[in-house]
Structure formats: structure tokens, C-alpha cells
Amino acid sequence: MRIAVTGSSGLLGSALVRSLTADGHQVVRLVRRAPTEPDEVRWDPHAGTVDTAALGPVDAAVHLAGAGVGDKRWTAAYKRELHDSRVLGTAAVARALAGLKPTPRVLLSASGVGYYGDTGDREVDESFPAGSSFLAALCVEWEAATAPAAEAGIRVVHLRTGLVLARSGGALGPMFPLVKAGLGGRLGSGRQYWSFISLADEIAAMRHALDHADLAGPVNLTAPHPVTNAEVTKALGRALHRPTILPAPAFALRAVLGEFGAEILTGQRALPRALLTSGFTFTHPTITPAIAAALTN
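A quick note: this is a predicted structure, and the numbers were derived from the prediction, not measured.

Trainee: An account of unusual backbone geometry is needed here, citing residue identities and associated values.
Mentor: Backbone geometry follows two general trends: most residues other than glycine have a negative phi, and most peptide bonds adopt the trans configuration. Residue Pro 102 follows Lys 101 across a cis peptide bond; omega there is -5 degrees. In this structure, Pro 102 sits in the loop between α3 (76-98) and β6 (106-112). Of note in the backbone geometry, His 241 takes a positive phi value of approximately 55 degrees without being a glycine. Along the polypeptide, His 241 turns up in the loop between α8 (229-240) and α9 (250-257).

Rendered as C-alpha cells:
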């Protein structure tokens with residue numbers, strides 16, 4: 001297939017591009033600067049533009065671009081950046097794809113399990129409603145921005161991704177050096193659920209969603225056995241042979257990180273019902289093999 005990808009320089013995008021090209025697919029990377037390579041096409045998420053003339057026909061698109069949730073303190077300005085980079089960018093991609101002739105068969109568009117808000121101990125799947133947090137409201141708008149593509153008859157899949165486990169980034173990226181130094185520990189009480197997924201399973205799930213026409217709408221990209229933050233921390237300590245006895249107190253996280261600090265003290269116990277129903281098999285369904293895989297990334 002010929003597949004357009006945004007966010008191709010990020011953790012997920014770069015891994016996906018490698019996987020697709022290794023299997024002989026042609027990838028067109030949408031970039032926010034002047035193209036310098038033959039596989040690049042210019043787009044501007046804030047201006048809402050895509051160079052569709054250079055893009056040409058594509059069979060599928062995977063939209064992963066967006067400002068990093070944990071990259072900066074959540075000031076009013078950065079919350080606006082989080083919103084605009086997702087909602088405006090998604091709308092631009094959806095409109096551009098809807099205007100192509102022929103239209104692509106499928107659009108995979110990033111979202112997150114933050115859609116559900118803080119679920120506590122309750123298990124949730126794709127049928128559950130949105131929560132009431134900032135991230136939940138953002139996910140609702142983010143997913144709604146794909147409407148032009150859906151209205152044009154394109155199959156749209158909302159990738160509600162959990163916490164991706166990889167040594168080079170994702171949820172574990174900041175934790176590795178701390179745990180290796182013996183300074184790691186749970187966040188707050190550690191009782192908040194982390195719906196994790198290994199990087200390998202994340203990419204395999206996206207590939208699965210590209211190929212399976214029965215998948216549409218929200219799809220949780222999470223391993224089938226979510227665990228608490230304390231359990232993730234303990235498993236990482238075991239894998240690195242380091243103690244994990246120094247917790248980060250909740251008050252300190254809120255003081256240092258503000259609203260984002262409060263957000264990471266919440267959790268989602270999200271289950272991948274749609275993936276499992278469609279026949280997807282996880283390589284790393286539980287936390288220990290997922291962390292072992294992350295150590296090799």
C-alpha cells in the first residue's frame with residue numbers, strides 16, 4: 001500500500017515507518033518544514049493545510065502527530081498547544097483525505113485512554129463514555145475532528161493508546177535512569193492503573209487495524225492485563241536489579257508539575273475488547289515480558 005504518516009519522527013511514527021517499509025509498503029511522511037527527501041510532503045497543522053498535490057493518492061493514512069503531553073508544564077499556553085496540535089491537525093488531515101480522488105480506504109488517528117478519565121479500579125472498554133478531565137475532553141474533540149474523513153466514506157479508527165513501554169521514550173523513558181540509579185519508586189500511592197502496551201504490540205496493533213476492515217471507531221491499544229503504577233515500578237526494578245523504595249509523593253508531583261502532576265496520579269484500567277474480538281494476539285500481554293521487551297528497544 002501507499003500510506004501517508006504524520007508524526008513519523010516520534011517514537012511510534014518512526015517504529016511504524018520502519019515496520020511498513022520493511023514489508024515493502026510505500027510511506028509518504030507529512031512534515032511541517034520544507035521537504036528535503038522524496039518521500040516527504042509539507043503540511044501545516046495550525047494553518048490547516050496539506051500539500052495534496054504533492055501527496056497524491058494514498059491507500060491509507062496514519063495520523064500520529066501532536067505535542068507531547070508530558071513535554072512541558074501545563075500552562076494555559078501549553079494546554080492550548082496540546083489542543084491545537086491535535087484538533088486542528090486532525091481536522092486538516094481529515095479534510096485533505098476527504099478531498100482526495102479516490103479517497104483512502106482507512107485513516108488511523110491517534111487518541112488515548114485518557115478519554116475515560118480516572119477510572120479507579122473499574123475496568124472500561126470502548127463502549128464506556130468519556131471522563132471529565134482536561135485530557136478526556138481533549139480526546140473527545142480530537143476524535144471528533146476526524147468527521148470529514150468519516151463523512152467521505154473513509155473507515156476511521158481512533159487509536160486510544162495506553163502507556164507505551166519503550167526504553168527510548170514513552171512512559172518508561174524518564175523512569176529508566178532513575179531506577180538504574182536506585183532512585184525510582186511509585187508515583188503517589190501507586191494504586192492508579194497503568195494500561196500499558198509494549199512498543200512491538202503497539203505497532204502490530206496499528207498494522208492489524210490497517211488490514212482489518214471490521215475495525216472502526218474507538219480501539220483501545222492496551223495490553224489485556226493492566227496493572228498499577230506500583231506494579232510497573234516493581235517489575236522495572238526487578239528487571240534492572242535495582243530497589244524501587246523511594247516514592248514520589250503526590251504533593252511533590254502536584255507542586256512541581258502542576259495540573260499534569262495531578263493527572264499522572266490518575267489512571268485508566270482499559271481493556272482491548274475491540275482488538276481481541278477482531279482476532280489480534282498480543283506478544284507481550286503481561287507486564288514482565290513487556291518490560292523485558294522494552295529493555296531491548
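Trainee: I'd like to hear about the sheet that holds strand β5 (residues 60-63), residue by residue, with values.
Mentor: With mixed pairing, eight strands are arranged side by side in an open sheet as β4-β3-β2-β1-β5-β6-β8-β13. Only two strands of the sheet have a single partner each, and these edge strands are β4 (49-50) and β13 (217-221). In this structure, strand β1 (residues 2-6) lies alongside β5, joined through four bridges in parallel fashion. Looking at the pairing, Ile 3 lines up with Ala 60 of β5. Taken strand by strand, helix α1 (residues 11-22) contacts β1, β2 (26-31) and β5, and its axis lies near 155 degrees from that of β2.

Trainee: Break down the packing of aromatic side chains for me, citing the residues and quoting the values.
Mentor: Overall, the coordinates contain four aromatic pairs when judged by the stated rule. Measuring from ring centre to ring centre gives 5.3 Å for Tyr 115 and Tyr 116, while their planes differ by 80 degrees; the resulting arrangement is edge-to-face. Under the relative-accessibility criterion, Tyr 115 is labelled buried at 13%. Each ring, one from Phe 280 and one from Phe 282, has its centre 4.9 Å from the other, and the planes form 85 degrees; the classification is edge-to-face. An aromatic cluster is present here, built from Trp 74, Phe 134 and Phe 260 joined pairwise through their rings. The aromatic ring of Tyr 115 is capped on one face by Arg 160, whose charged end is 3.5 Å from the ring centroid. Positioned over the ring face of Phe 176 is Arg 167, at 5.2 Å from the centre of the ring.

Trainee: Pulling in residues and values, what's your account of the sheet that holds strand β9 (residues 163-166)?
Mentor: In spatial order, the strands read β10-β9-β12; together these three strands make up an open sheet with mixed pairing. Two strands close off the open sheet at either side, each with one partner strand: β10 (169-170) and β12 (196-198). With three bridges joining them, β9 and β12 adopt parallel strand pairing. Within β12, the position partnered with Leu 165 by the bridge is Ser 198. Lying over the sheet, helix α7 (residues 199-211) contacts β9 and β12, oriented at roughly 85 degrees with respect to β12. Sitting on the sheet, helix α12 (residues 287-296) is in contact with β9 and β12, with an inclination near 55 degrees to β9.

Trainee: Outline the environment of Val 27, listing residues and values.
Mentor: Along the chain, Val 27 falls in strand β2. You can call Val 27 buried: its relative accessible area is 7%. Spatially, the C-alpha atoms of Val 27 and Glu 40 are 8.9 Å apart, while their sequence positions differ by 13 residues. Excluding its chain neighbours within four sequence positions, the residues that come into contact with Val 27 are Ile 3, Val 5, Val 17, Leu 20, Thr 21 and Asp 39.

What counts, and where the lines are drawn
- Residues numbered from 1 in each chain as written.
- Predicted model: local features only at pLDDT ≥ 70, side-chain atom pairs only at ≥ 80, totals over all residues.
- Heavy atoms only, no water.
- Helix = DSSP H or I, 4+ residues; strand = E, 2+ residues; numbered from the N terminus.
- Pairing = 2+ DSSP bridges.
- Contact = heavy atoms within 4.5 Å.
- Axes fitted to C-alpha atoms, helices over the stretch in contact; angles between N-to-C directions.
- Phe/Tyr/Trp six-rings, centres within 6.5 Å; stacked < 30°, edge-to-face > 60°.
- Buried < 20%, exposed > 50% of the residue type's maximum accessible area, 1.4 Å probe, protein only.
- Lys NZ or Arg CZ within 6 Å of the ring centre and 35° of its normal.

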